[in-house]
Structures are given as structure tokens and as C-alpha cells.
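Inside the fold
Each chain is listed here by its residues.
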Amino acid sequence: VAGVVEDRAGVGISMGMIGILKLPVHKALWEGMKLTGTLTVDTIVSLWQLVRDAVVGHADLSSLTGPVGLVGVVGDAYQFGFVHLLSLAALISINLAVINLIPFPALDGGRLLFLLIEKIKGTPIKAKVANALNVVGFFLLIVLMLVVTYHDIVRLIK
């Protein structure tokens, strides 16, 4: 969820005490689907804003959290109860699904982009080109993961 803190845009979540609404199964499924749709759209919009701000040099990438930082968030969710932990797992799953569909080599979205290009061209992309792009994409993803993990560890030490 995007927000403004000290005149800076941020992306993140906040845990708060809320009630649990008990609904009949058919209404609960409908409300769950609506909430999933809303969270997916919010995730896409927030990710787009983060990438846009990063491209123009206005994003605060130190606010990103990787696997190490998520351990603390999972601990917080666990303290609030199982329902909150389940909600966090759903939010993480939505985030992973959206990120995986980004048209970037080494992600599923990159493969879909290659298939679209092949469909438009009418011929397959050369295997050497596709493999090289996937290797570069994978390398960039590993570098991003290392940077985010480094920042997570530095935040834990401070």
C-alpha cells in the first residue's frame, strides 16, 4: 500500500488489530475474491509507482524488504494471530505473482514476452539470444536480491 511519510512515498504494510467478520461460506468466498482483486490492483499500482520513481531517481529503494526483513514482518503477523499470518502469506503470494509476470528475462513474464515477440515475428527467437538475455536477467535479479538482503541485514544490526 502506498503512502506518504515525511514527504516521501513509501510502499509497505502495517499491522493493526482488527475484528474478524464471520460470513456464510458463499459470501466469504465472494468477499475473499473481491479483496484479492483489490490487493492485486493495489500491488500493481504500487510496484509501477516504485519502478517509475526509481527510473527518475526519486525512489527510496532502502525501504525495500527482502527475505531477511520478512522474517521480522512474519513474526509481527504471528503475534497478532493465525488469521493475520494467513493474510500476510496471501499478500506475499500476490506480490510474487505480480512480480513474476513482469516482462523481464528470467521471469515468467519475460518468457511470455518472448512468446509474443515470436508470434508477431512468425519465427522463433534464436536460442542463443534467449539464453543470453535470460542469463543477464537472472544475474540482475541476483544482484538486486543481494543488495536488498544487505540492506535488510544492515537494518537488523542498527
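Residues numbered from 1 in each chain as written. Predicted model: local features only at pLDDT ≥ 70, side-chain atom pairs only at ≥ 80, totals over all residues. Heavy atoms only, no water.

Below, the discussion takes up the overall build of the protein chain. A tally of regular secondary structure across the protein chain gives five helices and two strands. When the helices and strands of the protein chain are read in sequence order from the N terminus, they spell out β-β-α-α-α-α-α. Taking all 158 residues of the protein chain together, the buried fraction comes to 15%. Sequence-distant contacts in the protein chain: of pairs separated by 6 or more residues, those separated by 24 or more amount to 60%. On the protein chain, roughly 11,900 Å² of surface is accessible, and the fraction owed to carbon and sulfur atoms is 72%. (Helix = DSSP H or I, 4+ residues; strand = E, 2+ residues; numbered from the N terminus. Buried < 20%, exposed > 50% of the residue type's maximum accessible area, 1.4 Å probe, protein only. Contact = heavy atoms within 4.5 Å. Areas by Shrake-Rupley, 256 points an atom, 1.4 Å probe, with all protein chains shown as cover.)

As a further point, take helix 3 (residues 82-100). Relative to the 27 Å expected for 19 residues at 1.5 Å per residue, helix 3 spans 27 Å between its end C-alpha atoms, a close match to the ideal helical length. Every buried residue of helix 3 is accounted for by His84, Leu88, Leu91, Ile94 and Val98. On an axial view of helix 3, the arc spanned by its buried residues comes to 120°, and they lie on one face. In helix 3, the exposed positions that point more than 90 degrees away from the buried face belong to Phe82 and Leu96. Of the surrounding secondary structure, the elements contacted by the buried residues of helix 3 are helix 1 (25-55) and helix 2 (67-80). (Expected span 1.5 Å × (residues − 1). Arc of directions from axis to C-beta.)

Checked against the element boundaries, leucine 88 lands in helix 3. Taking C-alpha positions, leucine 88 is 7.5 Å from valine 74, a pair spaced 14 residues apart along the chain.

Bringing the pattern of salt bridges into the picture now. Counted under the stated rule, the structure contains three salt bridges. In this structure, the salt-bridge partner of lysine 34 is glutamate 31, at a minimum N-O distance of 3.2 Å. Here glutamate 31 and lysine 34 lie together in helix 1, a separation of three residues that amounts to about one turn. The closest approach of N and O atoms between aspartate 152 and arginine 155, which form a salt bridge, is 3.5 Å. One end of the pair is aspartate 152 and the other is arginine 155, both in helix 5 (residues 127-157) and three residues apart, which spans about a single turn. (Salt bridge = Lys/Arg side-chain N within 4 Å of Asp/Glu carboxyl O.)

A word on a nonpolar patch on the surface. Together, Val136, Phe139, Leu140, Val143 and Val147 give the surface a local cluster of nonpolar side chains, amounting to about 430 Å² of exposed area. Exposure remark for valine 147: the relative accessible area of 41% places this residue in the partly exposed category. (Patch = residues over 30% accessible without salt bridge, like charges linked within 9 Å, V, L, I, M, F, W, Y side chains within 5 Å.)

Functional significance is not addressed by these values, which are geometric in nature.
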